[in-house]
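Fold and geometry: a report
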Amino acid sequence: MRDGLYDTTNEHDGCGVAALARLDGRASRETVERAIGALINLEHRGAEGADATSGDGAGILIQIPDAFMRAVLADDGRELPPPDAYGLACCFLPRDEDHRGKLEAVIEEAVSEEGLETIAWRDVPVDDRAAGIRALEVAPHVRHLFVARAGLTGDALERRLYVLRRVIERRCGDELAVPSCSARTVVYKGMLSAPQLPRFYTDLGDSRVATALAIVHSRFSTNTFPSWSLAHPFHMSAHNGEFNTLLGNKSWMRAREARLSHGPLGPDVGRLLPAIAPGLSDSAAFDAVLELLVKGGRSLPHAVMLMTPEAHEGRNDIPQAIREFYEYGSMLMEPWDGPASLTFTDGQILGATLDRNGLRPGRWAITDDGWFALSSEAGAFRFDPARLVRVGRLLPGRLLIVDPAAGHVLSEREAELAVAGARPYGAWHAEHSLRMEDLPDAEPDDPPELALRERQLAFGWSQEDLCVLLAPMARDGKEPTGSMGNDAALAILSERQPPLFSYFKQLFAQVTNPSIDPVREQVVMSLSSIIGPEGDLLDEAPEQARRLVLDGPVIDDRDLARIVAADEATLAARPLDATWPLVAGEAGLDDALDRLCRDADAGLEAGAGVLIVSDRAVDRERVPIPSLLALACVHHHLVRSGTRTRAGLVVESGEPREVHHIAALIGYGASAVNPYLMLESLTALEGRAEPDVELEPGEAVSRVIAALDKGLLKILSKMGISTIHSYCGAQVFEAVGLEPGLIERHFTGTPSRIGGIGLDGLAREALTRHARAWPDAHGAVLPTHVEQGLLPAAHARLLPQGGIYSWRRDGERHMWDPETVAALQSVARGAGPEAYAEFKHRVNEENAAHGMLRGLMELHLAEDPAPLEEVEPVAEVVRRFSTGGMSLGSLSHEAHETLAVAMNRLGARSNTGEGGEDRRRFEPDPNGDLRRSAIKQVASGRFGVTIDYLVNADQLQIKISQGSKPGEGGQLPGHKIDAEIARLRHSTEGVELISPPPHHDIYSIEDLKQLIYDLRCANPRASVSVKLAAEVGVGTVAAGVAKANADHIVIAGHDGGTGASSLSSIQSAGVPWEIGLSETQQTLVRNDLRSRVAIQTDGQMRTGRDVVIAALLGADEVGFSTAPLVAAGCVMMRVCHLNTCPVGVATQDPELRRRFAGTPEQIVTYLLAVAEDVREIMASLGVRRYEELIGRADLLSPAAAVEHWKARDLDLSSLLTFADSPEHARRQTRGQEPVLDDSLDHLALIPATSRAISHGEHVRASFEVRNVHRTVGGLLSSEIVRRHGPDGLPEGSIEITLSGAAGQSLGAWLAPGVSLTVHGMVNDYAGKGLSGGIVSVRPHEECQFYARENVIAGNVALYGATSGRAFFAGLAGERFAVRNSGALAVVEGVGDHGCEYMTGGRVVVLGATGVNFAAGMSGGVAWVLDEDGDFAYRVNCDLVDLETPDGAREVELRDLIGEHRARTGSTVADHLLADWDAARGRFVQVMPRAYRAALERSDRALRANVGAAA
Amino acid sequence: MADPRGFLEVRRVPAPERAPRERVLDHDEIFGVLPDDELRGQARRCMDCGVPFCNNSCPLGNLIPDWNDLVRRGQWREALDQLHATNNFPEFTGLICPAPCESACVLDIGDDAVMIKQIEYAIIERGFEEGWVVARPPHARSGRKVAIVGSGPAGLAAAAELNQVGHTVTVFERDEAPGGLMRFGVPDAKLEKWIIDRRVALLEAEGIEFRYGVDVGRDIDATELSDDHDAVVVAIGSRIERPLEIPGSELDGVHFAMDYLYQRNRAVTIAHGGRAPAPEREISAAKKRVAVIGGGDTGMDCLSSANREGASDVVLLDVYGEVPAGGRYPDTPWPMSPRRTETTYALDEGGERHFGTQVVSFEGEAGRVALINGRRVEGSSSRALRPVPGSEFTREVDLCLVAIGFTHPQHEGLLEALDLRLDARGNVAAGVFASSRPGVYAAGDARTGQSLIVNAIADGRRAARLIDRDLRTAPTALAPAA
């Protein structure tokens, strides 16, 4: 459903999920009650809409309560066949009776057609009073339908019921939903909150309703478009997560449908299709395919393993049989990739798994009285601690299967081994699969006679392509880096024929799913690509492995020649000519595409297994079709024809020359790409592009391919996708500037929201490029760019400059050019109103010419303008201004403080950026200036994010994405980290710092909600802001953020951004803020969420007109970054990442910092001029108060006179849709509801410790704690530091003992002087940001289990901790102590990625670790007890060395273990200390190399000082 | 990609020039080229700015960061290609351009600009040395004929470009040799004349015909010329000198700078064994007390020539105030060009510059100038000068050279004959190069008024593109060429 920019397909889920089973297999009433109880305990993970009474969705799946159903039907005089011999369909029917009757007749007819008999209909009793207002408006009439056929039972009956359901779903369409239809299970669900569920469905309260297993789920959805059917559980599964590859998975399923025929479903398959009904959410689509696989004959564990395989490539810690199963499985289908906690059942067994990266939590427990319980949080099920016999957690990519009837819990790979051992998958794979080295070597054809230069020209290459992109790749084997964002024209507004690739922007994960760190977490990534025809997904035959597996999707001429020459039926190659004759002109392109499709069909007809889309035929007479168009055209044609899986698509093109191009080709269905001209350009690198280092041509090729591979991993990881296999065809792109018809036909399913050029436009651009090479063929002497640029004829002998990455007079247009920079500097230096008028004129008039969407809009001036003096004063206007987050570290101290002082003088706000802030800046200067940044950013690195930092803020901003490089992490190179910056960041001077791509405490929307809660606790007086970057769907994400309780949302435009990133990221991800802001405004107003949050937007704000347009499109506030920097002297060098800023703005070099000449006055002068400009425009609009501007899109219209031939095709109507709803606010009018009132701190901890806080007394207290108590100790810490400063209270002042399972974020930013000791367990994020306090966790005294074998803490403990100590007497989950920079911790075993990105502190692990330990660890020390001697296999040794602890370090280690024993009573510690001499040799010391070097440097310096003093 | 740390590690050095005391004794080129390794070091200082202000400030749009980087790498051949891609005559600009690029260099903020001009000159000289600069005649001829009147930088650039795309070009020059003011206004000390000849020889080899000593409008009929060609380009410069309208200007010994410089340049040609017409009446500075009025480049060239002639005393009177340290007045902040340079080659060789000095009148003896009456003035614009009370002075002089600029092109002759419309300042009205007369275009100073050589080259080549566009779209009125 679409309206304006709002599109329901963008919705996302997060949630809480739980499952419960009786290990005696007996149906029990208690199972239902406990499951619902757990659901209610997870309620904080769900969400409510604007209408606080309506939940996002909750549900329960149970076994059919036969006794109950039998009894209620008997009351009506109906009799059911024996259990397992009848089916129960739960139907969501329309409430309108006539309508319902018609549908029921359709259903009954289908029942009889399927050879079944309708036994009875039953109205499911519901209590409408229990549901919310909006939920009721769309509530269905819920009925149960009972059907049966004599003699039909078991799996055969299940299959029949499945077919029946698909048939009636297809016939009834949207008006009917069938949440369950099975002889084994029944689902109760709806648009309800967890507590509403049992009250709404009164069945659930009936004591006869019993089950041996149950799955419950409560949903947090970013959408608010009401839906009952999208609540979980689905037919076989419930899902907490998101499938990032959905679009690809859906098209591949569609492509496979024609081949489905094997297995027990047999000919019925045809009646089930499409396998994925339109309109399903990602979770529902997954469920649909899972069910197809299971009903098609695979076991449930087998089907799950096929769809969400564990990361297995290059892993030697996975049993061989399992690895082989996954290898074989990869030949059948691509993974469904994305963060996931999946719980599934067929009514007989219950299972669960996590995604390969373990990005969702899952904690389980087994009791001695026969319960198996699994939930998102420990403690959601309340068991007597004395009954617990095992507690554990779900592991990344691993199956956990419970067979209640057999009383088994299979958690140690037993289930996977059973599946993998069922058939000789390894042998099949080994025998049939092909690798490049299996193919005979072949010589590529000689390159054509045509000069390289001519072909480069014809494909639109520029000099920048060679010297800015290609040469560094050849030299360094990685993509080049840039800074200061992308201010170049959008492709659709460019006059320079950018490649079609430039019209596509990469999508990226934000909030609802995490991006991945492809470098540090390479272990989960895979580049492997598969070419060749696929078999029948429902079949399982050895020959299905007969496909070619590539190590990576980028191949060279020789590889391609090998494929072509291979004597393999499945690789029979057929070239498709992707050029068209020049004589056919513009119109020839359409014909050429038709011909391509016909050729592809003919190729398949002739038995081709590989289709090679090739533009090799380019020459003076033949024009290359844009390679992405040619490829996507064939791909979608074959998908539509149902023949797509019969062959692999390979692209051979001269056009791709950067990683974004390759990614786009793969994203639209290519299995492999040979960028031949790129590689050929290397072998004959001409002149200026030649790398400094002499390279063998072959070496250059492999470095470039390595650079492309790395870049690809980065692109897919920013969308949270781990494998090329599932990225292929996933189309995670948004088009900007392409016509809907073109998209519909060739890029089906791609969002393209403002229209744009079509085929004729693309043809015109292709012809213009072609004419650069052969102007005479086009009847010209000089190519257009030389002729029109009035350049010398000699220019035609060179490639065009490009001018994308650095400005050139004859290159691409930019918002910042020499004239605008100079004009703004002149304004800032006080050149007066004429100078501002000149600047404004230049910016506004040229906005359209320089490629800005806002340049294409016109303001509706009032017939009756307001007198200027009645417009609110400048001082009010500037309050809505802030600067963007630019860290000290990227900026010099001088520049950073100048910004802060200027913004404080204005009464506006500056933003710290990521990197801490010196507390000396918290106090005013003698002259009254304040250097404190009002906005404190909390980014993924958490550098310097201490409780003191958080307390000293007016606003806390969670930076999810930034405009310049959304979805990516950052790096501050060592040379920018001086002693001062290292101190503020709690790191080591000169040692590079890494900000991870995701916040490791935000893997989902409910996690964000938790972080917002944490920050509120840390500083209840600050507002909480969430910074997002504009992309399609940002509006729905923003809706989720508003529901997650943020006060403020920033929508960053793609064009802003000052940070350093790879050039392709700066250029190719994100969209203009005009689109993102507008989508956000429309979505929030429509859902009545707008009143709760303030919206800020940023991205190259420069003049009053920019500000007013932002306000009209929905922004309460605007952010400025580049312009204030320019006002302070920045000249857009774009070398921020090199530390060589010649004007001292973005450098730490002391010599260059001295050159900084900016003053606060300059920034103040400029922003006051902007504010005055805003006032004047307000007056001309007849608007007196800023707030009246907000959201008035009706005051904007598309500019009438648009010169640009391409811009004329744009359609801004959806962008300018006026979100106007009488009862919904268009701006922030109220705050969020308070959430801290029921926190344990507020209710108990603070009252109990008040004498410690106020009088420094020593206080001890004990409390019960439950998982619903979150962020325990947070508010208390805030209070302490607010009163006593960063040093808090003396150690031991407040000692709190808690018993039970504590909720998430226990001890977050715990202040010095507080110790929390938990007897029981803790959930995720324990000790997050630990700021000096002490956290100890020990098993409940009555527990029967041995602590060290059981999981006592969740994931991501101690994330971003800066000081303090933590002790865990048991196992912790994934990413223990991630980005720790100073805390000391002891734990008895950890999951994967332990100590990731750690920069300081000490970690002791008295037991096993998971894989990838110490990835990205650049500081601090870890000691691991390596009892089995295999720890070395699980360490990521990129940055660390393994040593034996000795000397002072050994003492440190022993002391920590001693304290661990003292605080937790750990028996492990006790044993070790009892025989320390034996124990100490078993420890491995993990020492970061850079850290050791830095320590040695400072030791030497110290000794030198001491020596000098002596 | 530049060397990011070059500017931190290398200091700017002065461009090599011969010692003033030595060079003032001859007429030879005073500037040299740094040794290869030093040049490459200087090129390292270029930061390859994200926004290269040099590229914008250069009227030609020279790809300065690009060729700086190539020089840094020692890739001279490719650097030459990049240089020629925007500049038809880098050997001229490399010597006598005032280098607005260097004023706009980002390093000029609080550091010294990259020595762009020196690098430019080095590239082109290397190109000639290596034999890389060769004639490239067009592949095919269009059959269209173009006449270019004037062989200054604008005319030469237009000729080169129109020829390159296949038109048949003839250049008509009033004087005895090509180059316009480059030849007759600029002393050999700055630009030896063989450098012009070398380029013109290449243009001839590419097929351009040059006709010297032909004053169109006098020696040949202008309308006939127009009828005989598909296009005529008026590139006659802006040669009418701005008079100093004060009492005594008519006195003997008060001369326009250009009259003097023409003579000096011809004298040097003759001294070097060349041929040139003798002056009707010699203007000499030898052993005289000389006052040059006007502190621009022409004034400096007068100063330099007078010193070489052996003047007994030379003073340069400049109405503008003293140049602030760093060379910039407040109204010309970076990246704008400063109005005056701090020092010049001529001042290094002798003579004095008096800032803020206005000449009020001349007094003569026997019809010959003897005395200057002047006063001190303040103010940054020539239109708003304030006399300093009590600052009046007199100075004895034998020769006064007036170098206060040019007003417009000569109207008599060609312009009148073609009946071209003029703009308010007396220049040929030719907004987008086309004049009021169909088929007649104007380029360079004749169109824009007095300007820099680099503007003239840019104007000439742009004119060529638009003329070519017209020629390709309009049918020829001429009989097919034989």
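The structure contained in this document is the topic of the report that follows. Treat the numbers as computed from the prediction; the structure is a model and nothing was measured.

Attention shifts here to the overall build of chain B. Along chain B, the regular secondary structure elements total 19 helices and 16 strands. Against the globule reference of 23 Å for 482 residues, chain B gives a C-alpha radius of gyration of 23 Å, in line with a compact fold. A principal-axis box enclosing the C-alpha atoms of chain B has dimensions of 70 × 60 × 45 Å. Counting over 482 residues, chain B shows a buried share of 58%. Accessible surface computed for chain B: about 19,000 Å², of which carbon and sulfur atoms make up 50%. Treating the 55 positive side-chain charges of chain B as one cloud and the 73 negative ones as another, the clouds have centres 2 Å apart.

Moving on: the overall build of chain A. For chain A, the count of helices and strands is 46 helices and 53 strands. The C-alpha atoms of chain A give a radius of gyration of 32 Å, which matches the 36 Å a tight globule of 1510 residues would have. Taken along the three principal axes of its C-alpha coordinates, chain A extends 90 × 85 × 75 Å. Taking all 1510 residues of chain A together, the buried fraction comes to 70%. Counting contacts in chain A only where the partners sit at least 6 residues apart, residues at least 24 apart contribute 74% of the total. Charge centroids of chain A, computed over 150 positive and 209 negative side chains, lie 3 Å from each other.

Bringing the interface of chain A and chain B into the picture now. Contacts between chain A and chain B engage 47 residues on the former and 52 residues on the latter. When chain A packs against chain B, the two sides together hide about 4,100 Å² of surface, and 56% of this comes from carbon and sulfur. Our enumeration of links across chain A and chain B arrives at five salt bridges. With a closest N to O distance of 3.9 Å, Asp1149(A) and Arg5(B) form a salt bridge. Seen at the junction of chain A and chain B, the total is 17 residue pairs in polar contact (both at pLDDT 80 or more). It is helix H26 (residues 818-828) of chain A that contributes the most residues to the side of chain A that touches chain B, five residues altogether. In the side of chain A that touches chain B, the residues fall into 25 nonpolar, eight polar and 14 charged.

Here the focus is the side chain of Ser226(B). Residue position: Ser226(B) is located in helix H13 (residues 222-228). Setting aside anything within four residues of it in sequence, one finds Ser226(B) in contact with Val232(B), Leu418(B), Arg437(B) and Val440(B).

What follows deals with unusual backbone geometry. In this chain, Leu273(A) is followed by Pro274(A) through a cis amide linkage whose omega measures 0 degrees. Topologically, Pro274(A) is positioned in the loop between helix H8 (269-272) and helix H9 (282-295). Following Trp334(B), the chain continues into Pro335(B) via a peptide bond in cis, with omega recorded as 5 degrees. Relative to the helices and strands, Pro335(B) resides in the loop between strand E8 (313-317) and helix H16 (345-349). Positive phi is not limited to glycine here, since Met484(A) has a value of about 70 degrees. Following the sequence through the fold, Met484(A) ends up in the loop between strand E20 (481-482) and strand E21 (504-506). With a phi angle near 55 degrees, Asp419(B) is a residue other than glycine that sits in the positive phi range. Among the structural elements, Asp419(B) can be located in the loop between helix H17 (414-418) and strand E16 (440-442). Look at Asp419(B) and you get exposed, because its relative accessible area is 61%.

A few words on the packing of helix H11 (residues 320-330) of chain A against helix H13 (residues 425-432) of chain A. All names here are of chain A. Two elements in contact, H11 and H13, have axes whose closest approach is 8 Å; the angle formed by their N-to-C orientations is 50 degrees. Judged by the inter-axis angle, H11 sits oblique to H13. Here H11 runs over H13; the crossing is left-handed. Together, Glu324, Phe325, Glu327 and Tyr328 of H11 and Tyr425, Gly426, Trp428 and His429 of H13 make up the contact between the two elements. Partitioned by chemical class, the residues of the contact of H11 with H13 number four nonpolar, two polar and two charged.

Further remarks concern the environment of Ala74(A). One can find Ala74(A) in helix H2 (residues 66-75). The spacing of Ala74(A) and Glu104(A) is 30 residues in sequence and 22 Å in space, taken between C-alpha atoms.

Strand pairs in the sheet, formed through backbone hydrogen bonds, run parallel or antiparallel to each other. Residues and elements named next belong to chain A. In spatial order, the strands read E24-E26-E28-E29; together these four strands make up an open sheet with parallel pairing. This sheet does not close on itself; its edge strands, each paired only once, are strand E24 (573-577) and strand E29 (672-674). Ignoring strand direction, the axes of neighbouring strands in this sheet form an average angle of 25 degrees. Lying over the sheet, helix H17 (residues 588-605) contacts E24 and strand E26 (610-614), oriented at roughly 170 degrees with respect to E24.

This brings us to the nonpolar core. All names here are of chain A. Ranked by size, the top nonpolar core spans 434 residues in total, and within it Tyr201, Phe881, Leu1028, Phe1368 and Phe1376 carry the most contacts. Looking at this core, the element that brings in the most residues is helix H39 (residues 1160-1181), giving 12 residues. With residues near it in sequence (within four places) discarded, Tyr201 still touches Phe92, Val124, Pro125, Val126, Val142, Tyr188, Lys189, Leu192 and Trp228. Core analysis: the second largest hydrophobic core is formed by 73 residues, Leu145, Leu164, Leu265 and Met333 among them.

Let us now look at the packing of H17(A) against helix H24 (residues 759-773) of chain A. Two quantities define a packed helix pair, namely the angle between the axes and the distance from one axis to the other. Residue and element names in this part refer to chain A. Relative orientation of the contacting elements H17 and H24 amounts to 105 degrees, with a least axis distance of 8 Å. On the basis of the axis angle, H17 is roughly perpendicular to H24. Where H17 abuts H24, its residues Leu589, Asp590 and Leu593 lie against Leu759, Leu762 and Ala763. Among the residues making up the contact of H17 with H24, the classes are represented as five nonpolar, no polar and one charged.

Definitions and limits used
Residues numbered from 1 in each chain as written. Chains lettered and ligands numbered in written order. Predicted model: local features only at pLDDT ≥ 70, side-chain atom pairs only at ≥ 80, totals over all residues. Heavy atoms only, no water. Helix = DSSP H or I, 4+ residues; strand = E, 2+ residues; numbered from the N terminus. Rg over C-alpha atoms; globule rule 2.2 N^0.38 Å. Buried < 20%, exposed > 50% of the residue type's maximum accessible area, 1.4 Å probe, protein only. Areas by Shrake-Rupley, 256 points an atom, 1.4 Å probe, with all protein chains shown as cover. Lys, Arg positive; Asp, Glu negative; His and termini not counted. Charge placed at Lys NZ, Arg CZ, Asp CG, Glu CD. Contact = heavy atoms within 4.5 Å. Buried area = accessible area lost by both parts, 1.4 Å probe. Salt bridge = Lys/Arg side-chain N within 4 Å of Asp/Glu carboxyl O. Polar contact = N/O pair within 3.5 Å; in protein donor to acceptor, adjacent residues only side chain to side chain. Nonpolar A, V, L, I, M, F, W, Y, C, P; charged D, E, K, R; others polar. Axes fitted to C-alpha atoms, helices over the stretch in contact; angles between N-to-C directions. Parallel < 35°, antiparallel > 145°, perpendicular 65-115°, else oblique. Left-handed = near helix turned anticlockwise from the far one by under 90°. Pairing = 2+ DSSP bridges. Core = buried A, V, L, I, M, F, W, Y, C linked by side-chain atoms within 4.5 Å.

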